[in-house]
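# Geometric and topological summary
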2 protein chains.
Amino acid sequence: MPKCFVFTNVIGSFAFDEGLALLGKGEEKGLMQKYSAEKLPRERIKEILHHFKRSDYFSAFREANLAMTRQQIRESVKDDLLIIQAINSLDDMNRAANTLVKRLREWYELYCPEISRKIQDHGKFTEVILKSSREEILKGLKLRKNATMGGELSRADIKAVERLAAEINGIYRLKAEQEKYLEELMKRCCPNVMAITGSLIGAKLISHAGSLERLAGMPSSTVQLLGAEKALFRHVKTGARSPKHGLIVQHTYFTRAKSKDYGRIARLLSDKISIAAKVDYFRGKFVGDMLRRQIEKKLAAITG
Amino acid sequence: MPKCFVFTNVIGSFAFDEGLALLGKGEEKGLMQKYSAEKLPRERIKEILHHFKRSDYFSAFREANLAMTRQQIRESVKDDLLIIQAINSLDDMNRAANTLVKRLREWYELYCPEISRKIQDHGKFTEVILKSSREEILKGLKLRKNATMGGELSRADIKAVERLAAEINGIYRLKAEQEKYLEELMKRCCPNVMAITGSLIGAKLISHAGSLERLAGMPSSTVQLLGAEKALFRHVKTGARSPKHGLIVQHTYFTRAKSKDYGRIARLLSDKISIAAKVDYFRGKFVGDMLRRQIEKKLAAITG
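Now for a description of the structure that goes with this document.

Quick notes on the rules
- Residues numbered from 1 in each chain as written.
- Chains lettered and ligands numbered in written order.
- Predicted model: local features only at pLDDT ≥ 70, side-chain atom pairs only at ≥ 80, totals over all residues.
- Heavy atoms only, no water.
- Helix = DSSP H or I, 4+ residues; strand = E, 2+ residues; numbered from the N terminus.
- Rg over C-alpha atoms; globule rule 2.2 N^0.38 Å.
- Contact = heavy atoms within 4.5 Å.
- Areas by Shrake-Rupley, 256 points an atom, 1.4 Å probe, with all protein chains shown as cover.
- Lys, Arg positive; Asp, Glu negative; His and termini not counted.
- Charge placed at Lys NZ, Arg CZ, Asp CG, Glu CD.
- Least-squares fit on C-alpha atoms with pLDDT ≥ 70 in both.
- Buried < 20%, exposed > 50% of the residue type's maximum accessible area, 1.4 Å probe, protein only.
- Phe/Tyr/Trp six-rings, centres within 6.5 Å; stacked < 30°, edge-to-face > 60°.
- Lys NZ or Arg CZ within 6 Å of the ring centre and 35° of its normal.
- Salt bridge = Lys/Arg side-chain N within 4 Å of Asp/Glu carboxyl O.

Time to look at the overall build of chain A. Scanning chain A for helices and strands turns up 15 helices and 4 strands. A globule of 304 residues ought to have a C-alpha radius of gyration of about 19 Å, yet chain A, at 32 Å, is considerably larger. Considered along the principal axes of its C-alpha atoms, chain A spans approximately 105 × 60 × 40 Å. Contacts spanning at least 24 positions in sequence make up 59% of the contacts within chain A whose residues lie at least 6 apart. Taken as a whole, chain A presents about 17,100 Å² of accessible surface, with 53% of it coming from carbon and sulfur. For chain A, the centre of its 55 positive side-chain charges and the centre of its 36 negative side-chain charges are spaced 6 Å apart.

Next up on the list: the relation of the copies chain B and chain A. The transformation that overlays chain B on chain A combines an axial shift of 0.0 Å with a rotation of 180°, and the residual RMSD is 0.2 Å. Accordingly, the operation relating the two chain copies is best matched by a two-fold axis. If distances are taken from each C-alpha of chain B to the rotation axis, the shortest is found for Ala96 of chain B, at 2.3 Å. Comparing contact sets, 100% of the residues at the interface of chain B also lie at the interface in chain A, consistent with an isologous, same-surface contact.

For the rest of this paragraph, the subject is the environment of Phe5 of chain B. All names here are of chain B. Within the secondary structure layout, Phe5 lies in strand E1 (residues 3–9). Owing to a relative accessible area of 6%, Phe5 belongs among the buried residues under this scheme. Residues contacting Phe5, with those up to four places away along its chain left out, are Phe14, Ala15, Phe16, Asp17, Glu18, Leu20, Glu38, Lys39, Leu40, Pro41 and Arg44.

Another point: the packing of aromatic side chains. All names here are of chain A. Counted according to the given criterion, the structure contains 20 aromatic pairs over all chains. Between the aromatic rings of Phe7 and Phe52, the centroid separation amounts to 5.8 Å while the plane-to-plane angle is 45°, which identifies the pairing as tilted. Of this pair, Phe7 sits in strand E1 (residues 3–9) while Phe52 is found in the loop between helix H2 (45–48) and helix H3 (55–76), placing the two residues 45 residues apart along the sequence. Residues Phe7 and Phe52 agree in their burial class; the two are buried. Each ring, one from Phe52 and one from Phe61, has its centre 6.4 Å from the other, and the planes form 75°; the classification is edge-to-face. There is no split in this pair, since Phe52 and Phe61 are both buried. Counting every residue linked through ring pairs, the aromatic cluster contains Phe7, Phe14, Phe52, Tyr57 and Phe61. Sitting over the ring of Phe125, Arg105 keeps its end group 4.3 Å from the ring centre.

Our focus in this paragraph is the pattern of salt bridges. Applying the stated criterion to the full structure yields 36 salt bridges over all chains. For Glu162 of chain B, the salt bridge goes to Arg155 of chain B, with nearest N and O atoms at 3.6 Å. Because the salt bridges share partners, they merge into one network encompassing Asp91, Asp92 and Arg95 of chain A together with Arg103 and Glu106 of chain B.

This brings us to unusual backbone geometry. Residue and element names in this part refer to chain B. Unusually for a residue other than glycine, Leu20 sits at a positive phi of about 65°. Its location among the elements puts Leu20 in the loop between strand E2 (12–16) and strand E3 (22–25). The exposure class of Leu20 is buried, given its relative accessible area of 6%. In this structure, Arg283 is a non-glycine residue whose phi angle is positive, near 55°. Counting through the fold element by element, Arg283 comes out in the loop between helix H14 (262–281) and helix H15 (288–303). For Arg283, a relative accessible area of 56% gives the class exposed.

Have a look at this one:
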């Protein structure tokens, strides 16, 4: 049985005789039975490429390439991209709710100015004016009914304010839901980073880096300064003091610490985050708890 | 029957004898029966004021003043203040919806990037992805199912995006409701201005002026430039070209006009708005339709 060489590319498998003349496509009936097939040696590939310059192959190449690219783009949608969308949407919702709640306060102050100053928390304020009438609110503040400076509004006027409050309340509820969803994503995609930073800060780090892959590829000194790019470039340009930390400063480790320790805590934390990100990216074992214990031990030594 | 003088202030009515000695408070039993009361002549008021320096009146004065001020503040809440809140809340809702819909588009593009570019209108985009599955959307765009570049998302991932879309849709619905409410307010408070400008531009003018009273007090040249304060001060400071119009340029009269006519249209429009605002403030008859007809007649002469 004569020998033939087989060469495979995106549009199919092709058989060549020993002189490297094209015999036909591998799927053609009976072709492979007549020969003992062998893989085309790598160094001889150049000799057969001219066969594929035939114009009748062109559209087949184009189709196959498009399908492959589409497939690759489809597969590139990974959990870290969803994490970036989820954390940014939380951010956007925060901004939207803040804008609207400021308006709500100003509006409601025409009706009952006393409540707005008493309840600083936006979420609670929104809930109270949704649940209670003005009489109930004033009673709660231990004020007589006619002690309010607010005007007398018609039923329709009050309803308009309350509808805005209901909408804001909806945004707050959605925010709570999306925070849970983000937590699920983080658990699935990067449990190690999450164990150290919590879901919010971890997601912000991934969002700033652009992807988990890029976060995993960063040295810990870069992780330390993620989110402080502006201060960093000011430092480089004008010689101002270099920033000690980026967004990791939102971590609870910093809240009780003295500011003179911030630099050391930031180095310690970003060190471990950088390790955790690498483990997560390469789907390693769960070492998050161990890393956190290591941080907390050293933290006790710094602050204690 | 002897004569007595009566003097009334915020804490009550007081009776004085002819020598201007204090007899007592007017409400005291039987006091008014014994005398024929007469109003204290204006020029003699000074002679009795020292009576009210008695310290036992002080807290009564304080209480009465507080109550009056409270009453005045309460009564100062008029429709135009509600109009200002309503138009600004529409503005804020617009901003919030825009922020969130941009996020929604970016997020949904991970799943089905083809739809986002096809439907430019934010409201329609939000509705379509709420109502239709990806298969239906692709079918509507005449694309095969596997032609999408979007990734395969889990049910939970898709639900998270859809919840955001539902929230945005809620904001759009509320916006439509509040626009109707604003229209009702405008009808009640300033029908004449509304007849010329429509409810949105009219409300913006009142909001910029601060109140209907202040808008009514403005010369038409100020009305013409409301909302163009920045350009006006730049003109005053640097001698740059003076602005021809403020926010009234949003009026439909400008959309079909040539820009060389803008100045004349702005003068014409602000003239009539200024008249309408004065009529509305002093609760005059409805002349809005007449004013609008006058504008449109002159407008035809300008552009025709």
